[in-house]
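Chain and residue survey
Here is what each chain is made of, one letter per residue.
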Amino acid sequence: MDLNDAVLTCAVNIQWTNSVGVTGRKLVYRTATLRLVRNELREIFIEVSTEKSKPIKFKLKDVMIHKKFMNEGKCTFNFKAENCSMYLSNAPPGTLMNFLRIVFIKLNGSPNENLDEATMQKKLRAHLLSGKPSTFEEVSPVTTAEMVMARKAAGVSKSTVTTPSPKAVKKRRFDELRSGENSAPAAKKLYQPSPLTEESVKLCQEQTEVLQACVAGKNIFFTGSAGTGKSFLLKKIISALPPDGTVATASTGVAACLIGGVTLHAFAGIGGGDASIARCIELASRPVSSSNWRKCKRLIIDEISMVDGLFFEKIETVARHVRKNDRPFGGIQLILCGDFLQLPPVVKRDESNAQRFCFQSPAWEKCIERVFELKEVHRQSDPEFVRILNHLRIGHVNEDITKRLMTTSKQKIEGNGILATQLCSHTNDANSINESKLENLEGEKVLFKAEDSDASMSKQLDGLVQAPSQLYLKINAQVMLLKNINIANGLVNGARGVVVRIDRGVPTVRFKNNQEYVCKHEKWMIKTATGGNVTRRQVPLKLAWAFSIHKSQGLTLDCVEMSLSKVFEAGQAYVALSRAKSLDSVRILDFDPKQVWANPMVLQFYKLFRRRLHDTTMIPLGNKNAKAKKENAGGGAGALAKFKKSLMNKPLVSIG
């Protein structure tokens, strides 16, 4: 745990009340810094300071902490002894969670806090007699001993990571009810990342550099091959930024759901973007849409490769006009993520215009300051498979790769009653296979209906989240897990299993690794364009005899079969194969090297910024200005030469 976790910057509202609860003094800071400090008596305080005001200190004793809305960057400290409440808001959720975790550990894990009253009085008297003014220092980093003691204070037992011990749960609830004077939050996740979530997974060095650039306010685009943790990093970035003014979007509903955001089209307020620029500005100037644009300070776009270049150009123009700001994108910080060598923008077949990527737009050249490329693959651990995927990504297939992939057609990947999921290039094919397979099973179908917070949005939610509004299951149905339940035990998004029983309306699934899990309802949350939330509660399962390639983005499949004969897009074969965890878990029925290709313009784009990396890494001796003039000499002919010239003048960071 880093010492910086004991520092938090956010909006602070402090109120003091009298004995009858009437508010007296009140302080409001739009931006304040909170630090955890100690005095000579080892007592812990929260210090609140701003640039223009004198620091205020609150002793962490007889304090109640309300953290229900912690994931929204909000929290309340009630200091009983001082009749004071401190409301925190607009705090980066990840930083706030770490700050509260430090508070919990320091209050419950420090041996010095367990001194008896007589010892404390003796220390206090000695301090007063010394005549020295009180001094404060920042708290030290968390030690292992403090972690152990905090763990005991929370009543954590050695239960399984998927199901807490009933005794531990009962004891924790009893302790909370018995002690109305809790001095710290009692939630287990405040002192230790839960093994049930992605919080326990740390960022690697290259991901950390991207995060630092985002926090520093840079306009960035980060890319990387499938499995390099782009979506995972994006979630960390969102949690590290202040919620107010941060808008998380994605080009597709499924991708938006994965990062807890909204679709880019819903946020932009210009429909499909087919109208003229003048009409788009008119649509975005409507009260709700214009308010969204004006409040936005940081716009995050996931799966940027599927955003059409013309649409990107239009929303950049809209941003400048609606915000009345001539800077690129109206002064909004851009954080873009995606891989242009995966799925391209979806365009209508009857359109006369050639397919355009975002990087071909003049808006891209104006807006993007830095480019990062993640190279450390996390999904696959087999070096041979990673090497093959890197070749397929750029459309390169040699004889050795062809032979190796063709040998998978005969391998047995099924086991423990789990059949291979067939990846289809078309969604309708996958739906037809699932429906027919379910009908052929013996027994009665059991319906699991989703609970939506807004019934009028049920159809819309079907396109935004993986969990269906109506799910029919039978015993022996092949299913896929749709949530990260327990990463350590392999119960992750994409894990394959089979329904072994259905008791009291709850299905139990046995997964390929022989783990059994009782699939209780989980929650999916979608943000609306106006900032509200719509939720769906449903069992985290989906029929998995077949799945579409488009719907599989973000999944890691541990038992998958594919036929690539109907591939119709550049990068589609690569996306399909990269869903597999290893070569041992995939079966390719009819591999044909002709079905693997990459878009030439995308290859050129990646080639140019990698060349720029080489030029900036190998620093030549001599006059840098002269070299720069030489590099930029000659305008070149055609749009590609102009694009190359502008791109080569951009700073680039490639990692790995």
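Let me begin by describing the structure that accompanies this report. (Residues numbered from 1 in each chain as written. Predicted model: local features only at pLDDT ≥ 70, side-chain atom pairs only at ≥ 80, totals over all residues. Heavy atoms only, no water.)

Remarks on the packing of aromatic side chains
Which entries qualify depends on this criterion: Any pair of Phe, Tyr and Trp rings, taking the six-membered ring for Trp, is counted once the centres come within 6.5 Å. Such a pair is stacked with planes under 30 degrees apart, edge-to-face with planes over 60 apart, and tilted for the rest. We count a charge as sitting over a ring when the NZ of a lysine or the CZ of an arginine lies within 6 Å of the ring centre and within 35 degrees of the ring normal.
In total, this model carries 17 aromatic pairs according to the counting rule given. Taken together through their ring pairs, the aromatic side chains of Phe221, Phe312, Phe329, Phe340, Phe357, Phe359, Trp364, Phe605 and Tyr606 make up a single cluster. Its end group placed over the ring of Trp16, Arg25 keeps NZ or CZ at 4.6 Å from the ring centre. Positioned over the ring face of Tyr606 is Arg393, at 5.3 Å from the centre of the ring.

Details of helix H11 (residues 309-323)
How we decide: A run of H or I in DSSP counts as a helix once it spans at least four residues, and a run of E counts as a strand once it spans at least two, with each numbered from the N terminus. The length a helix should cover is 1.5 Å for every residue beyond the first. Any residue under 20% of the maximum accessible area for its type is buried, any over 50% is exposed, and the rest in between are partly exposed; the area is computed with a 1.4 Å probe on protein chains only. Every residue pair with non-hydrogen atoms within 4.5 Å of one another is taken to be in contact. A 3.5 Å cut-off defines polar contacts: any pair of N or O atoms within that distance qualifies, except that in protein one atom must be a possible hydrogen donor and the other a possible acceptor, and neighbouring residues in sequence count only when both atoms are side-chain atoms.
When the terminal C-alpha atoms of H11 are compared, their 21 Å separation across 15 residues agrees well with the 21 Å that a helix rising 1.5 Å per residue should span. Burial analysis of H11 places 11 of its 15 residues in the buried class, which makes it a mostly covered element. Listing the buried residues of H11 in full gives Gly309, Phe311, Phe312, Lys314, Ile315, Glu316, Thr317, Val318, Ala319, Arg320 and Val322. For H11, the secondary structure elements touched by its buried residues are helix H8 (264-268), helix H9 (277-284), helix H10 (287-295), strand E13 (333-337) and helix H12 (362-367). The N-terminus of H11 is capped by Asp308, whose side-chain oxygen sits 3.1 Å from the backbone nitrogen of Leu310. Two residues or fewer past H11, Lys324 is found with a positive phi of approximately 55°.

Some details on the sheet that holds strand E22 (residues 516-518)
For clarity, the cut-off: Pairing between two strands is assigned when DSSP locates at least 2 bridges connecting them. Working convention: axes come from line fits to C-alpha atoms, limited for helices to the stretch in contact. Angles between N-to-C directions cover 0 to 180 degrees.
Sheet architecture is open: five strands sit in the order E22-E21-E20-E19-E25, paired in antiparallel fashion. Edge positions in the sheet fall to E22 and strand E25 (541-543), since each of these pairs with one other strand and no more. Direction aside, the axes of adjacent strands within the sheet are offset by 40° on average. Bridge count for strand E20 (residues 496-503) against strand E21 (residues 506-511) is six bridges, and the pairing is antiparallel. Note on E21: the bridge partner recorded for Arg501 is Thr508.

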